[in-house]
Amino acid sequence: MTMIRLEHINKYYGQGATRFHVLHDINLKVAAGELLAIIGESGSGKSTLINIIGFLDDDFEGNYFYNDEPIHDYTRADFAKLRNRHVGFVFQNFKLIRDISIAENVILPLLYAGVSRKQAKKTAARVLSRVGLAGYDDKLPTELSGGQQQRVSIARAIIANPDFLIADEPTGALDTKTSQEIMDLFKQLNQTQHTTIIMVTHDPRVAEQCERIVKIIDGKIVDDRKVGVD
Amino acid sequence: MKNTELLRSALQSLRANPKRSFLTTIGITIGIAAVITILALGNGVKKRISDEFNTTKNGEQSTYLYFTPSDAQSTTAGFNEADLNLIQERFGAKVKKAAISHETNNVSVSPIVGNQRLDSTKISLIKQPTKKITIMAGHNLTTSDLLNAEPVILMKESLAKKQYHTVQNAIGTSVTIGEINYRVVGVYQSQNNQYGDNKYGADLIGNARLFYSGTTATTGNGIKLTFYQGVNASQTTKKIKKYMVKKGTSAHDGTYMAYDAGAELAKVNNMITGLTAFISAIAGISLFIAGIGVMNMMYISVSERTQEIGIRLAVGASPKNVMAQFLLEAIVLTVGGGLLGFAIGWLLAGVISNFMPYHIHAVVTLNSFLLAFGVSASVGIIFGILPAKQAANKNLIEILR
């Protein structure tokens, strides 16, 4: 089943003479349950693309159908709701709020969804143990290693049971061994929970572990293949 | 997001920077404290005025008119029934009641104690037995003594010792005041009466009914005027005084004086009203500057916490949620300062009222509290809304890049 359908997406930065054409006529379909890697040089437009896919960027030309809903017609407030209900983000530099505890960070999406704090904390403990951080609830982000912080960030991304995860260079700030641990966690989520995962990476070893690789050069999709099929 | 969660995260962020939060609120605290102080004192004056004026609950006011004879030895009374009738005839529309006012506390008399005439002796007069004195010898005045107008009297310990050496010796001796001969039946312990304001500190305590009997019942040197509701009591009292100077039965033997506590207090009230305007202006400036301080701090906070804002937006906070969070932080800050200012103002007014004349007490009302709360919350909203809007309208893509 097609979850995400992009048709003729164009994106520009800036205005007038200095206007920069980032994305050229992107057409892309992603089905539920896929583990997809988007690769490309820096500046190729891959982050811009996943910002659009992940409802972070509402300023683009073209059509975006999400489960056949025309997202391109939605308002800014609708986008906030979409982010809260349907997508979880994992960032390269983790993006945890530094002066609140691990559990407080993890429960944020649930709080914004209107769940009570007590209920959210229970869920957080369960999700933290799923990413291998049982008992870390009351620690501060600064007390954790990079790999552990990325696990917290994944816990936050999955706590509200989103339809899909967006991971922007999730292993970019981690060493090889930790990178592999995080990849294993993503694969496990994809296989056991059937979570759709779209990740951006420039690490070929990471990309090879996904099921499908989309390559972008200068804002154009130049390659779209299933891994191990060609 | 639930409102309690918004409040919690606001408090959390303020706690992260306690010194900065505290310093930012000082201006609000000072402004509110100044306003509450002056309001409490102003209310105190107003309450004093209304206490003085409104003798009854339905808003009737009363004043006094006194007569001072030109000849100090004169026994002529300043007012008699003819005077009261004159007043009723002329001012009946305004004056509900005009009556001879009998002084009962520390009345000056010149009694003959033993064989000796004692000038400038004070007597207090009672109509019911009192328990506010401690009897040292003999017995207290009883209800039957008072009702039957028995010629009995109580003497103060110090006077008894001075005249008769012991308190026991004083019992049964006589005291003559005017034409009545009293028998001392009890001696009571001396009480402090340095300012002449303690009824039970007088040298003698006697029966009011007996003391003001005969001609003194219908004549006296003071009258109490009770006015109908809504009458300008001060003005009418002045008119009555003028009228008495012209027509009063004793007009040629002395002078009349109006005692109008309201007029005295009105002067203080005018002063406080002037001060209120002045202090309110200063407080207004203080609150304005404090508000700008809050705004400044909120802008700094918003730019320091750009990442946090980005994260919150990314996990599903709506721009409205973010705005509410920052606005609430500003409001918590200013209301906190305002409530502290309210407490300080209350205390300060209490301290200052100790040094005020006419027994004025600071009066803090619910309205003052609501004012402090409302003003500080408004400062938070007015000066917090722009930074909060800026936080809500941040470009998510740029923050997360």
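Structure report, in brief. As the structure is a prediction and not an experimental result, all values here were calculated from the model.

Thresholds applied
- Residues numbered from 1 in each chain as written.
- Chains lettered and ligands numbered in written order.
- Predicted model: local features only at pLDDT ≥ 70, side-chain atom pairs only at ≥ 80, totals over all residues.
- Helix = DSSP H or I, 4+ residues; strand = E, 2+ residues; numbered from the N terminus.
- Buried ≥ 20, exposed ≤ 12 C-beta atoms within 10 Å, placed from the backbone.
- Contact = placed C-beta atoms within 7 Å.
- Core = buried A, V, L, I, M, F, W, Y, C linked by C-beta atoms within 7 Å.
- Pairing = 2+ DSSP bridges.
- Axes fitted to C-alpha atoms, helices over the stretch in contact; angles between N-to-C directions.
- Nonpolar A, V, L, I, M, F, W, Y, C, P; charged D, E, K, R; others polar.
- Parallel < 35°, antiparallel > 145°, perpendicular 65-115°, else oblique.
- Left-handed = near helix turned anticlockwise from the far one by under 90°.

Quick look at the overall build of chain B now. Assigned secondary structure in chain B consists of 14 helices and 13 strands. Out of the 401 residues in chain B, the part that is buried amounts to 39%. Expressed as a percentage of contacts within chain B between residues at least 6 apart in sequence, the contacts between residues at least 24 apart total 81%.

Another point: the overall build of chain A. Counting its secondary structure elements, chain A contains seven helices and 10 strands. A total of 230 residues make up chain A; the buried ones form 46% of that total. A separation of at least 24 residues holds for 68% of the contacts in chain A among residues at least 6 apart in sequence.

Our focus in this paragraph is the nonpolar core. By size, the foremost hydrophobic cluster in this structure holds 126 residues, and its most contacted members are A:I38, A:V106, A:A155 and A:I197. If we skip the residues at most four places from it in the chain, A:V106 touches A:A124, A:V127, A:L128, A:V152, A:A155, A:R156 and A:I159. Ranked by size, the runner-up nonpolar core spans 27 residues in total, among them B:I126, B:V175, B:V185 and B:L204.

What follows concerns the sheet that holds strand β10 (residues 220–226) of chain A. Either a parallel or an antiparallel arrangement is found when strands of a sheet pair, and the pairing is made through backbone hydrogen bonds. Residues and elements named next belong to chain A. What the six strands build is an open sheet, ordered β6-β7-β8-β3-β9-β10; its pairing is mixed. Two strands in the sheet have a free side with no partner beyond their single neighbour: β6 (87–90) and β10. If you compare each strand with its neighbour and ignore which way they point, the axes differ by 15° on average. Note: strand β3 (residues 35–39) against strand β8 (residues 196–201), five bridges, orientation parallel. Paired with L35 across the two strands is I197, which belongs to β8. Running over the sheet, helix α1 (residues 46–53) touches β3, β7 (164–168), β8 and β9 (212–217) and is turned about 155° from β8. Strands β6 and β7 of the sheet are contacted by helix α5 (residues 146–158), whose axis makes an angle of about 170° with β6.

Another point: the interface of chain A and chain B. A common way to state how big an interface is: give the accessible area lost once the parts meet. With 22 residues of chain A at the contact, the number on the chain B side is 20 residues. Of all the secondary structure elements, the ones that give two or more residues to the side of chain A that touches chain B are α2 (76–86) and α3 (102–112) of chain A. Counting residues per element, the side of chain A that touches chain B draws most heavily on α2(A), at five residues. For the side of chain A that touches chain B, the class distribution of residues is 12 nonpolar, three polar and seven charged.

Residues and elements named next belong to chain A. Running from amino to carboxyl end, α3 crosses α5 at an angle of 30°, the nearest separation of the two axes being 7 Å. Between α3 and α5, the crossing angle belongs to the class labelled roughly parallel. Considering only the axes of α3 and α5, their crossing is right-handed. Where α3 approaches α5, its residues I102, N105, V106, L108 and P109 are matched on the opposing element by V152, A155 and R156.

Let's shift gears to the sheet that holds strand β1 (residues 62–69) of chain B. Residue and element names in this part refer to chain B. As summarised here, the arrangement of the four strands in space is β2-β12-β1-β13, forming an open sheet in which the pairing is antiparallel. Two strands close off the open sheet at either side, each with one partner strand: β2 (95–100) and β13 (254–259). Direction aside, neighbouring strands of the sheet carry axes that sit 20° apart on average. Inspection of the sheet shows β1 paired to β13 by six bridges, in the antiparallel sense. Residue pairing across strands places P69 opposite G254, the latter belonging to β13. Strand contacts of helix α3 (residues 81–91): β2 and β12 (222–227), with the helix running at about 170° to β2, the strand carrying the most contacts.

Below, the discussion takes up α3(A). Residues and elements named next belong to chain A. Of all 11 residues making up α3, 11 are buried, and the element is well covered by its neighbours. Regarding α3, the residues found buried are I102, A103, E104, N105, V106, I107, L108, P109, L110, L111 and Y112. Just downstream of α3, G114 is the residue with a positive phi angle, here 95°.

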